[in-house]
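Tertiary structure, described
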Amino acid sequence: IIKNNDLEYTLSIQLVRDYQNYQIQIHTDSAIRQITSLIYFPSLESDKNDGTIFFIDTIKNRKVKDSKEKFNFNEGFKEVKKFEYIPNLSIDFQVSSNSWHGVYPTKSKYRDSLQISIFFIRNGSELFELPFSSFMYVLLFFLCFNGVYF
């Protein structure tokens, strides 16, 4: 935890291993999570189709009642981008009410990844969204951290 005046940053780094047939329905991540970064570490036998998929909500302005609420793939969402599960791919995004993503049932025996998340809390309890300009600085940090240089 890093504290700066009334702002608290929490960085979470997790090595994740999902098993064959793993899936996660469409969701937007936790309300306090501001940035998510996924880095893939597939084996030689991994299926490249086991990556994360981003969706748009075709039922406009869908309200999420709970940050743990998930939706089935056929509940009014359209696939807009499917990332391949390939070595060292980094997917970085700001969590919002429109950052819909999920994973179809996987074929790989294991789906290994590094998940990095940044959480922001103000005044110990009030949640807030990171301003876009600040988000860009943090995104540049992640891109450089993941080996993408300008």
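Quick note: structure is the one above.
Some thoughts on the nonpolar core
- The biggest cluster of nonpolar side chains holds seven residues, and these are Leu 38, Tyr 40, Phe 54, Tyr 85, Ile 91, Phe 93 and Val 95.
- Elements that contribute at least two residues to this core include exactly β4 (33-40) and β7 (90-94).
- Those residues in contact with Leu 38 that lie beyond four places of it in its chain are Thr 52, Leu 89, Ser 90, Ile 91, Leu 114 and Gln 115.

Some words on the side chain of Arg 111
- Structurally, the position occupied by Arg 111 is in strand β9 (residues 110-122).
- With relative accessibility at 5%, the residue Arg 111 sits in the buried group.
- Engagement of the side chain of Arg 111 in a polar contact is seen with the backbone oxygen of Asp 50, the distance being 2.7 Å.
- What Arg 111 contacts, discounting residues up to four positions off in sequence, is Val 16, Arg 17, Asp 18, Tyr 22, Tyr 40, Asp 50, Gly 51, Thr 52, Tyr 85, Val 103 and Thr 106.

Brief notes about the sheet that holds strand β8 (residues 101-103)
- Strand order in the open sheet formed by four strands is β3-β8-β5-β6, with antiparallel pairing between adjacent strands. If you trace the sheet from one side to the other, it starts and ends with β3 (24-27) and β6 (77-82), each paired once. Adjacent strand axes in the sheet meet at a mean angle of 30°, parallel and antiparallel pairs treated alike.
- Judged from the five bridges that link them, strand β5 (residues 53-57) and β6 form a sheet pairing that is antiparallel. Opposite Ile 53, over in β6, you have Lys 82 as the bridge partner.

Rules and cut-offs
- Residues numbered from 1 in each chain as written.
- Predicted model: local features only at pLDDT ≥ 70, side-chain atom pairs only at ≥ 80, totals over all residues.
- Heavy atoms only, no water.
- Core = buried A, V, L, I, M, F, W, Y, C linked by side-chain atoms within 4.5 Å.
- Buried < 20%, exposed > 50% of the residue type's maximum accessible area, 1.4 Å probe, protein only.
- Helix = DSSP H or I, 4+ residues; strand = E, 2+ residues; numbered from the N terminus.
- Contact = heavy atoms within 4.5 Å.
- Polar contact = N/O pair within 3.5 Å; in protein donor to acceptor, adjacent residues only side chain to side chain.
- Pairing = 2+ DSSP bridges.
- Axes fitted to C-alpha atoms, helices over the stretch in contact; angles between N-to-C directions.

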